[in-house]
Amino acid sequence: MVLTIMGYGFREAVRRKVFTVVVLLTAAFLVLFWLATHFVFSRLSTVTPPAGILVDKRTFAGAFLLGLAMFATLFLGVVLAVFLTLGVVSGDAERGLLQPLVVRPVGRSTLLLSRFLGAALVCIVYVLAVYGIALAIIDVAGSWTPPSPAEPGLELAGGVVIVIALSILGSVVLSATANGIAIFMLFGAGLVAGLLGSIGHALGSTTIEHASRIAAWALPFEALYQDGLRLISSSATGATGFLLQLGPFGGAFVHGWGVRVWAAAYLCAALALAVFLFRRRDL
Amino acid sequence: MPPALAVHALEKRYGPVHALKGVDLAVQEGELVGLLGPNGAGKSTLVKIAVGLVRATAGRAEVVGARAGSRAARAQLGYLAELFRFPGWYTADEVLSLHQRLTGSEGGTAERGRLLELVALDDSRGRRVDGMSKGMQQRLGIAQALVGSPRVLVLDEPTSALDPAGRRVVRVLLEDLRDRGVSVLLNSHLLSEIELVCDRVAILRAGEVVAAGSPAELSRPRGVELETDEGTRTIDGATREDVPELVAAAVAAGRRVYGARVLTSTLEDTYLEAVGDEVS
């Protein structure tokens, strides 16, 4: 039953050319990323840091480029997640696609969770694949890999899975268009909060850092992404680490197992709320 | 043996709108019951509560003794929504196959072939939904509702997009289902269709059942019209059995009788009387 509904969602996505768009965008990104990485590392020897500052140029360039790749992967993963799920309930109900399925013995909870599982499976594979290719490009072009290459990818995938849960929850109470807008705005708000945290850290502003921490707990997909960034630059010390922290891919102030457990609990709560509301919703 | 479908004191409120105000209705096994009423009378709400798409505010609805909307109730039910759509990229056969998996039906290819034949779509098995006319999609919808041989069938405007030939196919199908003991709740605007196939009819107005009974009971006698040399007059309350006496009395009174006609109200008359000035 679960596989049937997952397959139904998958075919719908194929038909709506969601995958075609995402694959084309991803290919374009990866080509550009490969070009950028190739030229950055081939000209690394010509870059000279200011006098008196000791910077590990290879680590700085590698971590910075991988941070950029993680941002793009998260963005593309969220695009895929949102377009796979934005109309799962309201959109399909408005079009009359949902009613014939809901009256079947399958049950609303199974239906919703199956759609979640289908989207999550596709997005996890996608995020890990793009992240893995980006890692490989940096490794081949610059002979650099982060100290723990797998964990940031898993955290990115976890972040996208949280976005899927939020999108499915939104689809229960909002129209497809409103839900898509709401999720992208949440995503944007999370990213801005993360960047503000980096700025606050550089300026020594505890107020901005505090606001960024609250945003990270409220939107744990952002916290997971930031934690991933922290992990890729965790081996950078001294001026290299300081410069990376100042940049847009600086890393987290909320991190570690606490936020991972919180993210898992948040995911379960979002799904439970979605199921609860869907079971009570008139169609 | 519980009724195939029963609602008791059913109420539904959408904010300030009181869509159903304590409706009682039962569909017995093998019975075909028609729902009539103007737009906004609560027919679709009643149907949606019965199939578990909408939650009742008060009262209860049961399908073969199980609470409407429960897994047990849904397992007994086939439903065609008024506004529905199948994914356009599915073929007719794939739509039925999907619903076979969702209902746990083990009928396989044979069941799909039989259902498509029942709704006269046996030559469109491999045709995609987005290449079908509205009428064909509606007939496919009926076939989908019959997947898994449900004991109760709820059809919401099943013939709204059909031409006369398509309606006839559905009418014959409904009669066949009744003969096989399937219970049907049929929501339709087409009085003639209801009159032709339904065992009983319930007329809803503003969320209440305002008339119910068999089409014959609802098409009750209205009197006898007698045409004499004095003109035409109607004797209210008189029936067919009264005609010889009425004619004899007129002749005895020296009148010349040219004709006598028994007047009966049609289901349409009863419907219009019941719903008043509401426009459907």
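Residues numbered from 1 in each chain as written. Chains lettered and ligands numbered in written order. Predicted model: local features only at pLDDT ≥ 70, side-chain atom pairs only at ≥ 80, totals over all residues.

**A word on the overall build of chain A**
To be explicit about the condition: Under the DSSP-based scheme used, a helix requires at least four consecutive residues in state H or I and a strand at least two consecutive residues in state E, with every element numbered from the N terminus. Values of the radius of gyration come from C-alpha atoms, whereas the globule rule sets the reference at 2.2 Å times the count of residues to the power 0.38. Counts of 20 or more other C-beta atoms within 10 Å of a residue's own C-beta define buried residues, counts of 12 or fewer define exposed ones, and intermediate counts define partly exposed ones; C-beta atoms are placed from the backbone. By definition, residue pairs are in contact when their C-beta atoms, positioned from the backbone, come within 7 Å.
What chain A contains, in helices and strands, is 12 helices and 0 strands. Its C-alpha atoms give chain A a radius of gyration of 20 Å, within 12% of the compact-globule value 19 Å for 283 residues. Oriented by its inertia axes, the alpha-carbon framework of chain A measures out at about 70 × 40 × 25 Å. Classification of the 283 residues of chain A by burial places 48% in the buried group. For chain A, long-range pairs separated by at least 24 residues make up 80% of all intrachain contacts whose partners lie at least 6 apart in sequence.

**Focus on the interface of chain B and chain A**
Stated precisely, the cut-off is as follows: Three categories are distinguished: nonpolar for Ala, Val, Leu, Ile, Met, Phe, Trp, Tyr, Cys and Pro, charged for Asp, Glu, Lys and Arg, and polar for the others, with Gly belonging to the last.
Contacts between chain B and chain A engage 23 residues on the former and 20 residues on the latter. Breaking the side of chain B that touches chain A down by element, the ones donating at least two residues are helix H2 (71-75), strand E6 (77-80) and helix H3 (92-103) of chain B. Looking at the side of chain B that touches chain A element by element, the count peaks at 5 residues for H3(B). Considered class by class, the residues forming the side of chain B that touches chain A number 13 nonpolar, 5 polar and 5 charged.

**Digging into the domain arrangement of chain B**
Rules: Where a domain begins and ends is set by an automatic assignment or by a domain database.
You can read the domains of chain B as domain 1 (5-216) and domain 2 (221-264). If you average the C-alpha positions of domain 1 of chain B and of domain 2 of chain B, the two centres end up 45 Å apart.

**A closer look at the pairing of strand E2 (residues 17-27) of chain B**
Residues and elements named next belong to chain B. Applied cut-off: Whether two strands pair depends on DSSP finding at least two bridges between them.
Alignment of strand E1 (residues 5-14) against E2, held across 8 bridges, turns out to be antiparallel. In the sheet register, Arg13 faces E2, and the bridge partner there is His18. If you look at the hairpin formed by E1 and E2, you'll find 2 residues sitting between the two strands, and Gly15 has a positive phi there, around 60°.

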